Structure formats: structure tokens, C-alpha cells
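The lines below spell out each chain.
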Amino acid sequence: MKNLLLVLVLLQGTSLSAQTLLRGQVTDRQGRSLPGANVLLKGTYDGATTDTLGKFEFNTFEKDTATLLVSYVGYEPSEQRIFLQGKSHTFAIKLEEAASELNTVVITAGSFEASDEKRMTMLKPLDIVTTAGAAADITGVMQLLPGAQRVGEQAGLFVRGGSGQETKVVIDGMIVQNPFFSSLPDVQQRGRFNPFMFKGTAFSTGGYSAQYGQALSSVLLLNTTDQTSNNGLGVSLNMASAGLNYDVANEKQSLSVVGYYGNLKPLFALVKQNVEWTRAPEFTGSSITYRLKTSKTGLLKTYGMYSDSHLGMVTQAPLDDDTRTGIRLHNRNAFTTITYTDRFADGKWLLNSGFSYSHNRDETTFDGANFGGSDERIQGRAVLTRVFEKNNTLLFGTEIHRINLQTAYNDQSYALHDTYTAAFAEGEVYLSRKLAGRAGVRTEYSSLLNRFNLAPRLSFAYKTGEYSQVSLAAGQFYQNPDYRYLYLNTDLNFERADHLILNYQRIKDKRTFRIEGFYKNYAHLVREFTNLPYDANPYRFPWGQTTNGGHGYAQGFDVFWRDQKSIKNFDYWVTYSYVDTRRLFQQFEKLATPTFVSNHNASLITKRWFEKITTSASFTYSYTSGRPYYNPNNERFLSDRTPPVHNLSFSASKIMTIKRNFTVVYLAVDNILNTRNIFTYRYTPDGQTRYAVGPQSYRSFFVGMQIMLSKKAVVGKNDV
């Protein structure tokens, strides 16, 4: 018996001596202990959890080499190879905090984002549809952001002294040829796309990525949703239109269908018009969206839309002092896009690809003469991104466009065909959590111009504190000249703008402060020489000799403040923008501020949610200082100014149920104070009579409702 006990003791002693003791402490980079961290030998069950002091201790029978793995929520995991020989080991392990939007610098110069997916964005997609005065139009809200301004008589996004043509609208990476409904001169139109289509919006006011081009001033990037809600059938009805929408979805695919018809004649009967309509705007359209998850990581999205509209009005004849004449428009527009995204090699490679086609036809007659035109754009695009550790990325891509244009002036036809190609590469590097940089280059070729360009882009951001940072962006941006000039002269070169932007922002406790200064240099702008006095006719077709001898500049700063916390259920933001710009371009006789620029722009947006009556209410006040206009009787070119434009708007949305169906009822009033705003002045050809151009109506209102007929539909505070 004694011998047996001796054997057991010896065996136990042998067993204990074969184990290796591992112990140590886990802390962060500042030496603070991390209790609850998991410590184990990779591929085994041997391990432990750290105590309140971050300490651990365990034994293992493993021998030779092994990997010690330490993990903790919110921190980068740590691995190290160790050699086990039966002796004890002591470790001092420091974990690095995982990169996140809250602890890592973000490049923000020149960029304004609206997203539900990113916590550091200034706006949410919901802000787009609940802002009073924006009429649930994406571009309408963008015009209230710092750097942008409203030009009441023209469609387009006017950014930091740039014209509406200097901003491109991009959906899922694809340029939209006609983002706004076609219109007649001095009548502003809204964007074609429903804001609920998009999960994220990025509005760049300059210094944007090398992935995008053909925009001297700005790009508006819209990303469509990956999955729709399963809301079933819905009905919308308002004072101008009626529509049906249907959404259905399962785990792999979803489908959304929309159809609508509108006629503004009933609305115009209630709201006094400043325009003499011969045919009130009448429109119909439809769209269909289909999304398919091709794998765990692959997603195919297709979108197609078609619209058809008519309108007609009487306006001042530009070449006759006493005559008013009729102008009519019939527009047909089709746009379709197909995109495919996927991840490969454990997420190390990302693919974004797409194809789109658009066709637009404007049948316009002016006093019976044909001034119509059409355009067509076919484009393909592919971008590959390599993702490295610590969010560092390198992407490269290419795109090709085929553009066909045709227009008529005084019954004479003109046509253009352009094949535009581009290639780009861009790397984003996080040198530390506080310092990041992005460098890119883009090259473009236009067959119409038969020229190349090379555009470098550079951005940096540095985190100055836990909640603040500064960003710097610079680069060159090219764009083909206005096609009206290219119809007569294809020897023109690209127009160019050089951007320099410096930005500071601080975000803490749902309060945001941001200030940004900018300088923009314009070069190679098109000048037209007619040897005649300046012609301010808005319907004019260029006919003089043209060169790329124009130039100019724009400089200024923007301020943005938003507070979502100080008052419960109350949200407001304030913006102010100042721009000083002068150009020598088009028919300008000398450097002057263009007629579409106002030096000062400010807005105040407020939103309040009333819990008891399930109603959201919003007020918006906007101010635009006077703009230059051409006075043929003043020797100082473009030195006259219009009065400033003031606008106070209101909107409200109420959630209710009708026969157990969720219903949203909404009301909007534009220009509550009935201010007699004037956008610009024009003169008759003899220069003797001045007439004002203003809004279609001074004060207007709009009432409508949306009913969800499916019991699956759910509407809440965040949907109105």
C-alpha cells in the first residue's frame, strides 16, 4: 500500500511539473487595467479572464510553441507567439483601443454628410424630408447648408460662387445627366428623386475625392438603400398629385414600385400666381427598384424611372420691347442604373461597379419656333478597394461615358458626341488615431476636346481634442465647357478650378460647431467676344468667337451650429455663409460678380416633436443678400443689386390612424409673411423698361396625406 501511494505521489508530481504557469496583467495604452479581458492559448481551451485589476493566471499542458490571444470589447485583439518549457511566464499586455468614428480623426473638409449609419454626420436622412421650406426636396435642403445658396429663378445647386452647372449629382457612383425636372426660363424646378430612396447623402462643397470629376465646385453623392421596408401598399394624395407605392421584401430580395400623376391647375386656382400659365404643369411618372442579395456579401441593385410632363406660359419677348409671347415645354425623361457591390478575401477587397443609361427630350417651342433638344448618357464604372489594417485603404477605378447631345435654335439643329473616360487612384492612411491623410489623382480624356487632364487631390485631418479636429483639403478639378459653346467651337479646353479648404469642427453631446474657410481659383474659363454690348437675354444662344481666356476667384467662409440637446424634443441649426467672387468669363467685359451670386446667406431651421399629439413642426427662416443684375443704363458693369430675399416657412406632419391604417397628414406654408421677393431684374431690348423676376407665387400652402394600407407598416416619430 505504501508503495502504491508513493507511485501516485510521484505521478502527480510529474504531472504538475509538466504544466506551464502563465500569468500577467492586461491594460490599455495609458496603463489602466482592463477587467474582464479574455486571455487564452489559441486553438485550446486553456485560458482565463482578467480580474478587477486586469490580472490573470492559468496553467497549461501545452508544450513547445503556442499563440497567446488577448481580446477585449472596444480594443484591437493582441496575439503573441510564446515558447512553453514548463517554466512560468509573466506578461504585461497593452491593448490598443479599436478605431471608431468617435476616437479616430475623420477627413471632413468640404464635406457635409447625412446618414443614419455614421454617428459623426451633421444631418440624418430624415432631416431632408422634415425641413420647412425645402418641400421634401433633397436639393432644397442642400441649399440651406453652409456654402450653398438659393437662386430662385434657376434650377441647380449653387455652391461657393459656382454656377448650377458646376455641381454634379451622383447616385451610387453614377452621374445623373438631368437631376432636375425640365423647366422654362425663370421657373425653378425641384429634383427628380424621392428622398426616401437614399440611405445616405454626402454634399461636398469642394475638395472632394478623386473618384469624382466633371464638377468645378461641388458633388452631391446619393447612396440608395440596400433594403426596403415591407410596408405593402401605400396611397399618397395632396393638392397637386396622387400616387401609389408598393414595397415588398424578404431576407434575400426586395421590390419597390411607385406610380404617380399630378396636375397643378387645382392648386393654382387656390394660390395666386405671378406667372401667366397657358398650361399649368401636368406630370406623370413611375419608378421601380429591385434589390437582390447574391451572396452573404454581394448585392445587386437596379433602379429605373420614367417621367412625362407638360407646361406652358406667357413671358416677355426678349427681342421685342412691347410683346409678350408664349413658350411651351413637353419633357420626357428616362433613367436607369444597375450596380453590384461585393467583398472578397475575408473583406480585404471591395468591388463597386455600375452601369447606367439616361435619355431626356425637351420639346420646347418659343412663339412657335423650335428651341427643343435631347441628350443621352451611357456610362460604366468599376472601383476596387483594398482594405488594410487600421482602416487604411487604397482604391483605384475607371469609368467611361458616351454622351450624345442635340439642340435647336431658331429651327436650326446642332449636335455633339463625346466619349469621356477617366481613371483614378486614391489612398487613405491613418498615421495615428489623431492624424489621417488622403492622397489621390484623377486623369480624364474627352474625345470632343481631344485633350487629357491630370488632377491631384490631397486632404489631411488632425484631431485636436477628444471632440474636435481640423481638416485641410486641396486639389484641382476639371470640367468640360458649357455645351452651348462647344456646339460652335470644339477647340476649347477643359475649364479648371483649384480648391483650398481649411475646416474646424467640434461635436459633443449632440451639439455641433463647424467653421470652414475656402479659396477657389478659376482658370481657362470660356470667354465670348461679340464686339457688342453685353446681352442679358436668358434665352440667348452663343454666337461670338470663344477662347479659354477667362479666369476668376471665390473666397469666403461658412459657419454651422446645431443643438439637439438643450431642449427636449427640440432641434435647431444655424448657418451663415460669406462669399466674395469675381470672374471674367462668358460675355463679361471685365472682372465682376456673376448674377447668380449673393455675398451673404443665412438660415435658421427649427424642429419640434410634440409627443401628446404625435406631431412634428418645423420653421425655417432664410436670408439671401441682393444679387447683381445688368442695367444697360449704368456704365458700371453689373454694379446694381436686387433687394435681399427673406423667407419664413412652416411645415407640420401628424401621425394618426384611419381604420387602423397608419396615416401621415402634412401641411406646408411657404413665405408666411407674404414678402414680395425679387430674384432679379431684366430690361426690354431698348433699355427703357425694367421688369422684375420673382417667385411663381409669393405665399403658398400645400396639404397632403400618405396612407399605409398594410398592417405591417409602422410609422413613428422618426418617420415624420
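What counts as what
- Residues numbered from 1 in each chain as written.
- Predicted model: local features only at pLDDT ≥ 70, side-chain atom pairs only at ≥ 80, totals over all residues.
- Heavy atoms only, no water.
- Helix = DSSP H or I, 4+ residues; strand = E, 2+ residues; numbered from the N terminus.
- Buried < 20%, exposed > 50% of the residue type's maximum accessible area, 1.4 Å probe, protein only.
- Contact = heavy atoms within 4.5 Å.
- Areas by Shrake-Rupley, 256 points an atom, 1.4 Å probe, with all protein chains shown as cover.
- Lys, Arg positive; Asp, Glu negative; His and termini not counted.
- Charge placed at Lys NZ, Arg CZ, Asp CG, Glu CD.
- Polar contact = N/O pair within 3.5 Å; in protein donor to acceptor, adjacent residues only side chain to side chain.
- Phe/Tyr/Trp six-rings, centres within 6.5 Å; stacked < 30°, edge-to-face > 60°.
- Lys NZ or Arg CZ within 6 Å of the ring centre and 35° of its normal.
- Patch = residues over 30% accessible without salt bridge, like charges linked within 9 Å, V, L, I, M, F, W, Y side chains within 5 Å.
- Salt bridge = Lys/Arg side-chain N within 4 Å of Asp/Glu carboxyl O.
- UniProt positions renumbered as here; feature names shortened; annotations may be inferred.
- Pairing = 2+ DSSP bridges.
- Axes fitted to C-alpha atoms, helices over the stretch in contact; angles between N-to-C directions.
- pLDDT = per-residue confidence, 0-100.
- Core = buried A, V, L, I, M, F, W, Y, C linked by side-chain atoms within 4.5 Å.

The name given to the protein chain in an unreviewed UniProt entry is TonB-dependent receptor plug domain-containing protein, with Salmonirosea aquatica as the source organism.

Colleague: Got a minute to help me understand the overall build of the protein chain in this structure?
Modeller: The helix and strand inventory of the protein chain stands at five helices and 41 strands. Here the protein chain holds 720 residues, and the buried ones make up 51% of them. In the protein chain, 60% of the contacts between residues at least 6 apart in sequence involve partners at least 24 apart. Entry remark: accessible area of the protein chain is about 33800 Å², with carbon and sulfur atoms responsible for 55%. Once the 77 positive and 63 negative side-chain charges of the protein chain are each reduced to a mean point, those two points are 7 Å apart.

Colleague: Whenever I open this one, the side chain of Asp 498 confuses me. Can you help?
Modeller: Along the chain, Asp 498 turns up in strand S29 (residues 495–508). Here the side chain of Asp 498 touches Gln 476 through a polar contact of 3.4 Å, side chain to side chain.

Colleague: Looking at this structure, I do not really get the side chain of Thr 684. What am I missing?
Modeller: Here Thr 684 shows up in the loop between strand S39 (680–683) and strand S40 (690–693). Classification of Thr 684 by relative accessible area gives buried; the value is 5%.

Colleague: What is the right way to look at the packing of aromatic side chains in this model?
Modeller: Any pair of aromatic rings gets described here by the distance separating the centres and the angle formed by the planes. For the coordinates displayed, the defined rule picks out 28 aromatic pairs. Judged by centre distance (6.0 Å) and plane angle (75 degrees), the ring pair of Tyr 534 and Phe 588 falls under edge-to-face. Linking Tyr 534 in the loop between strand S30 (511–529) and strand S31 (545–563) with Phe 588 in the loop between strand S32 (570–584) and strand S33 (600–610), this pair joins segments that are 54 residues apart in sequence. The pair Tyr 534 / Phe 588 is uniform in exposure class, with both members buried. Taken together, the ring pairs in this structure connect Phe 366, Phe 371, Tyr 409, Tyr 414, Tyr 487 and Phe 541 into an aromatic cluster. Its end group placed over the ring of Tyr 681, Arg 690 keeps NZ or CZ at 3.6 Å from the ring centre.

Colleague: Which parts of the structure should I look at to understand a nonpolar patch on the surface?
Modeller: Together, Leu 233, Leu 244, Tyr 246, Val 248, Val 257, Ile 288 and Leu 709 give the surface a local cluster of nonpolar side chains, amounting to about 540 Å² of exposed area. With three residues, strand S16 (residues 241–249) is the largest single contributor of residues to the nonpolar patch. Its location among the elements puts Leu 709 in the segment after strand S41 (700–708).

Colleague: Got a minute to help me understand the UniProt feature "domain: TonB-dependent receptor plug" (unreviewed entry) in the protein chain in this structure?
Modeller: Per the UniProt record, "domain: TonB-dependent receptor plug" (unreviewed entry) is annotated on residues 134–214. Secondary structure within residues 134–214 divides into 6% helix and 22% strand; the distance between the first and last C-alpha atoms comes to 27 Å.

Colleague: Just to check I follow, could you spell out the sheet that holds strand S3 (residues 47–49) for this structure?
Modeller: Think of a sheet as strands paired side by side through backbone hydrogen bonds, with each pair either parallel or antiparallel. Here four strands make up an open sheet; going across it, the order is S3-S2-S5-S6 and the pairing antiparallel. Edge positions in the sheet fall to S3 and strand S6 (78–84), since each of these pairs with one other strand and no more. Recorded for the sheet is a direction-independent mean angle of 15 degrees between the axes of neighbouring strands. Of the pairings in the sheet, the one linking strand S2 (residues 38–41) to strand S5 (residues 64–71) comprises four bridges and is antiparallel in character. In the strand pairing of S5, Leu 41 is matched with Leu 68.

Colleague: What am I meant to see in unusual backbone geometry here?
Modeller: Working note: non-glycine residues mostly have negative phi, and peptide bonds are mostly trans. A positive phi angle, close to 50 degrees, is found at Asp 172, a residue other than glycine. Relative to the assigned elements, Asp 172 resides in the loop between strand S11 (167–171) and strand S12 (174–175). Look at Asp 172 and you get buried, because its relative accessible area is 18%. The backbone phi angle of Asn 569 is positive, close to 60 degrees, even though this residue is not glycine. You can see Asn 569 is positioned in the loop between S31 and S32.

Colleague: How do you make sense of the confidence of the model for the protein chain when you look at a structure like this?
Modeller: One rule of thumb: low pLDDT means the predicted coordinates there are not for detailed reading. Residues of the protein chain with pLDDT of at least 70 account for 91%, and the chain-wide mean is 87. Here residues 1–17 is a poorly scored stretch, pLDDT under 50, and it has two contacts once near neighbours within four places are set aside; other chains count.

Colleague: Could you clarify how one ought to interpret the sheet that holds strand S7 (residues 89–95) in this entry?
Modeller: Strands sit in the order S4-S1-S7 across an open sheet of three strands; the sheet is mixed. A single partner strand is all that each edge strand has here, and the edge strands are strand S4 (55–60) and S7. Adjacent strand axes in the sheet meet at a mean angle of 25 degrees, parallel and antiparallel pairs treated alike. Pairing analysis gives six bridges linking strand S1 (residues 20–28) to S4, with the strands arranged antiparallel. When the bridges of S4 are listed, Leu 21 appears paired with Asn 59.

Colleague: Help me out: how do you make sense of the pattern of salt bridges in this one?
Modeller: Opposite charge on two side chains lets them pair, provided their charged atoms get close. Tallying each qualifying case throughout the model produces 22 salt bridges. Here Glu 363 and Arg 332 are joined by a salt bridge, their closest N and O atoms 2.3 Å apart. Separated by 31 residues along the polypeptide, Glu 363 in strand S21 (residues 349–366) and Arg 332 in strand S20 (residues 324–344) bring together distant segments of the chain. Owing to a relative accessible area of 36%, Glu 363 belongs among the partly exposed residues under this scheme. The exposure class assigned to Arg 332 is partly exposed, which follows from its relative accessible area of 30%.

Colleague: Quick question: what am I supposed to make of the nonpolar core here?
Modeller: Among soluble globular proteins, nonpolar side chains are generally buried collectively. Tyr 522, Phe 588, Phe 596, Phe 637 and Leu 638 are the most contacted members of the largest nonpolar core, which has 21 residues in total. Of the residues forming this core, the biggest block, three residues, is contributed by S30. Setting aside chain neighbours within four positions, we find Phe 588 in contact with Arg 527, Tyr 534, Arg 583, Pro 594, Phe 637 and Leu 638.

Colleague: Would you take a moment to explain the environment of Asp 367 for this structure?
Modeller: Following the sequence through the fold, Asp 367 ends up in the loop between S21 and strand S22 (369–370). With sequence-adjacent residues up to four places away left out, Asp 367 is seen in contact with Thr 325 and Gly 326.

Colleague: What is the right way to read the pairing of S31 from this model?
Modeller: Walk down a regular strand and you will see the side chains alternate between the two sheet faces. Two strands pair when backbone bridges link them, and S30 and S31 are joined in this way by 17 bridges, in the antiparallel orientation. Its bridge partner being in S31, Gly 517 is matched across the sheet by Phe 557. Alignment of S31 against S32, held across 13 bridges, turns out to be antiparallel. Pairing of His 551 across the sheet is with Leu 584, part of S32. Hairpin connection between S31 and S32: a loop of six residues separates the two successive antiparallel strands, and Asn 569 in this loop has a positive phi of roughly 60 degrees.

Colleague: Sorry, what's going on with the pairing of strand S19 (residues 299–316) here?
Modeller: Across the 18 residues of S19, 14 count as buried, placing the element largely inside the fold. Where strand S18 (residues 276–293) lies against S19, 15 bridges are found, and the strand directions are antiparallel. Counterpart to Ser 287 in the pairing with S19 is Met 305. Counting the residues between successive antiparallel strands, the hairpin from S18 to S19 contains five residues. Pairing geometry for S19 and S20, over 18 bridges, is antiparallel. Opposite Leu 299, over in S20, you have Thr 341 as the bridge partner.

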